[in-house]
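One-letter residues, chain by chain:
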Amino acid sequence: MPPVVDPNSLAAFVDPLPIPRVAKPIATRRDPSSAGKKLPLYRIPMREIESKVHRDLRSTRFWSYGSSVPGPVIETRSGEGFFVDWPNELPERHFLPIDHTIMGAEKDKPTVRTVVHLHGAKTPPGSDGYPEAWYVPGKSATYLYPNDQEAAMLWYHDHAMGINRLNVYAGLLGLCMVRDKLEDSLHLPSGEYEIPLVIIDRLLTLDGQLYYPVSKRPEAPWVPEFLGNVILVNGKLLPYLDVKSTKYRFRLLNASNARFYRLSLENGQTFAQIGTDQGLLPAPVEVKVLTLAPGERADVIVDFALAEPGSKIILHNDAVDVMQFRVGSGTPAESHPLPSTLRPVMRIPEQSAVRTRQLTLEEFDNVLDEPDTHLLNGARWHDPVTEKPVIDTTEIWSLINLTDDTHPIHLHLVRFQILDRRPFDVSEYLLKKTVRYTGPVYPPEPNEAGWKDTVRATPGAVTRIIIPFEGYTGRYVWHCHLLEHEDNEMMRPYEVLAESG
Ligand code: C2O
Ligand code: CU
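Residues numbered from 1 in each chain as written. Chains lettered and ligands numbered in written order. Predicted model: local features only at pLDDT ≥ 70, side-chain atom pairs only at ≥ 80, totals over all residues. Heavy atoms only, no water.

Caption draft 1: Representation of the overall build of the protein chain. Counting its regular elements, the protein chain contains 4 helices and 33 strands. With respect to the principal axes defined by its C-alpha atoms, the protein chain has extents near 65 × 55 × 50 Å. For the protein chain, the proportion of its 501 residues judged to be buried stands at 60%. Considering only intrachain contacts with a sequence separation of at least 6, the fraction spanning at least 24 residues in the protein chain is 77%. Summed over all atoms, the accessible surface of the protein chain reaches about 19,700 Å², with 52% contributed by carbon and sulfur. Taking the 53 positively charged and 65 negatively charged side chains of the protein chain as two groups, their mean positions are separated by 4 Å. (Helix = DSSP H or I, 4+ residues; strand = E, 2+ residues; numbered from the N terminus. Buried < 20%, exposed > 50% of the residue type's maximum accessible area, 1.4 Å probe, protein only. Contact = heavy atoms within 4.5 Å. Areas by Shrake-Rupley, 256 points an atom, 1.4 Å probe, with all protein chains shown as cover. Lys, Arg positive; Asp, Glu negative; His and termini not counted. Charge placed at Lys NZ, Arg CZ, Asp CG, Glu CD.)

Caption draft 2: A look at the coordination of the copper ion (ligand 2). Of the protein atoms, only H407 (ND1), C480 (SG) and H485 (ND1) coordinate the copper ion (ligand 2), at distances of 2.0 to 2.1 Å. Sequence spacing of the donor residues for the copper ion (ligand 2), all on one chain, is H-x72-C-x4-H. Linking H407 in strand β28 (residues 407-411) with H485 in helix α4 (residues 483-487), this pair joins segments that are 78 residues apart in sequence. As far as the burial class goes, H407 and H485 line up, both buried. (Donors = N, O, S within 2.8 Å, 3.2 Å for Na, K, Ca; no water.)

Caption draft 3: Geometry of the pairing of strand β14 (residues 230-233). Neither face of β14 is exposed, since V230 and L232 on one face and I231 and V233 on the opposite face are all buried. In the sheet, strand β12 (residues 194-204) pairs with β14 via 4 bridges, with the strands oriented antiparallel. Bridge pairing in β14 links R202 to V230. The pairing of β14 with strand β15 (residues 236-237) spans 2 bridges and is classified as antiparallel. Paired with L232 across the strands is L237, a residue of β15. Remark: 2 residues form the turn of the hairpin made by β14 and β15, two consecutive strands paired antiparallel; N234 in that turn has positive phi of roughly 50°. (Pairing = 2+ DSSP bridges.)

Caption draft 4: Examining the environment of D487 more closely. Tracing the sequence through the fold places D487 in helix α4. The exposure class of D487 is buried, given its relative accessible area of 2%. The spacing of D487 and D420 is 67 residues in sequence and 28 Å in space, taken between C-alpha atoms. With sequence-adjacent residues up to four places away left out, D487 is seen in contact with I102, M103, A160, G162, I163, N164, R165 and L166. There is a polar contact of 3.2 Å between the side chain of D487 and the backbone nitrogen of N164. (Polar contact = N/O pair within 3.5 Å; in protein donor to acceptor, adjacent residues only side chain to side chain.)

Caption draft 5: Structural view of unusual backbone geometry. A cis geometry characterises the amide bond from V69 onward to P70, with omega recorded as -5°. The phi torsion at H187 lies on the positive side, around 50°, for a residue other than glycine. In this structure, H187 sits in the loop between α2 (181-185) and β12.

Caption draft 6: Broad picture of the environment of L253. For L253, the location among the structural elements is in strand β17 (residues 247-254). Relative accessible area serves as the criterion here: at 1%, L253 is assigned to the buried category. Contact partners of L253, with chain neighbours within four places excluded, come to M153, W155, L175, L197, V198, I199, G295, E296 and R297.

Caption draft 7: Local environment of the packing of aromatic side chains. Under the counting rule described, the total for this entry stands at 23 aromatic pairs. Consider the rings of Y65 and Y156, whose centres lie 5.0 Å apart with planes at 80°: the pair is edge-to-face. With Y65 in strand β5 (residues 60-65) and Y156 in strand β10 (residues 152-158), this residue pair connects regions lying 91 residues apart in the sequence. A single burial state applies to Y65 and to Y156, both of which are buried. Their ring planes at 10° and their centres at 5.9 Å tell us that Y248 and F250 sit as a pair that is stacked. Pair check on accessibility: Y248 and F250 agree, each one buried. Here a set of aromatic residues connected by ring pairs shows up, and it is made of Y193, Y248, F250, F304 and F325. Note that R326 overlies the ring of Y240, its terminal NZ or CZ placed 3.7 Å from the centroid. (Phe/Tyr/Trp six-rings, centres within 6.5 Å; stacked < 30°, edge-to-face > 60°. Lys NZ or Arg CZ within 6 Å of the ring centre and 35° of its normal.)

Caption draft 8: How the structure looks around the pattern of salt bridges. Counted according to the given criterion, the structure contains 37 salt bridges. The closest approach of N and O atoms between E194 and R179, which form a salt bridge, is 3.0 Å. Note that E194 is positioned in strand β12 and R179 in strand β11 (residues 173-179), a separation of 15 residues in sequence. Of the two residues, E194 and R179, both sit in the buried class. Here R249 makes a salt bridge to D299, at a shortest N to O gap of 2.6 Å. With a gap of 50 residues between them, R249 in strand β17 and D299 in strand β22 (residues 297-303) connect regions that are remote in the sequence. For the pair shown, R249 and D299 are each scored as buried. A single network of salt bridges, built from pairs that share partners, joins E75, R179, E183, E194, R249, R251 and D299. (Salt bridge = Lys/Arg side-chain N within 4 Å of Asp/Glu carboxyl O.)

Interpretation in functional terms is not warranted from these geometric data alone.
Following this line, the structure appears as structure tokens:
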């Protein structure tokens, strides 16, 4: 491994936090589902760019959507719909280590391949970015996003088979905000008081370049999980943000390959969490330490009127500095009080499920005792499709985690609710394939008790989610959002059927 940057040797909080710009449509296009209606068309090319992550480091090479990491924010309203043309204008050669022994990344495949997925969106299958629907530099795909769903922060990122972890690591990620009337009626902080915080970790070499680690086997460089030495917020290392003495709404996304965050404010202030992956919670939840697994989002309000004017508050990940808020001493701006109720979230009754699936999360080690492959229900990507829910029915998926790690499990197309988590005897399961519970049932944390699209399946526990399959029939995927796992078999196709067959 080349020498890497020591973040403690760099001057902290010298770069202002960048705010990703809002994408502008380039044209309109006919709405295929409604005669006479036109939808905005965006064009967001993938490109190689250079960007400075810190004042005192050389520019870093990234692959980005548009001209920044994260890419431009797509702003839309529930059910309005838009098109995006996603041209691949990347170079012909990849700059990160491809493992050709991984499914879908064999030697006969072009090294630079991309396909875009809008995470959290209710998207027809042909526009969902199926991992095998990748295309090469010089090609493009135009996708339709109807977004017939409630207000939430979604995110787009690469999903190319077998190299997804490298493409996202290179910088292929960005945000999409879906708004709606109910959200408007709450008068939440907006405009300059609503700020996205996209958090990623990276391994930076001394000359400021992205490094992605490799295994000890040159013919199979895949590593079981990536952890970086620096944390970037909106593409900057240890940035600062000037804030006024009032309420701010922060839209957080953990877009890291494998790092989990435990975020807190240095001055002991809490976050009022108002939303999760799929939108608003029923009521704000006070959170001291905010846990975010890869793929998860949190919508939080921080009231800087409660902080000392002129104070500087560091956002921590455990004990590590992430960024700094500088509270201005001017007169506080007017703000609406935070409503005590937000969006009603009806708990889905368990009895409404037509079927329960028991699905294992398993890890298989190689001869050196290193984690090698992780599988969902013992199956590989190319095995026949086994999860075939019927449209407009509800199912319970019991995720039986036989590993020592938490896996953030994500399903495309749908939103779901967490029913509970319950510890069980893993060794007994491995011997007899039966679940014997060893402890009480834990309900979801209050700040997980809304609509989710990514759930932390904790080790040694059965995590149950309840999922209404709505929207479209067709082929989608479900997978672990630790990108190293996802790329190496911890992803499965699933199919929403029109009727049971
Ligand atoms: Cu965030 Cu399958 O994706
Ligand atoms: Cu995993």
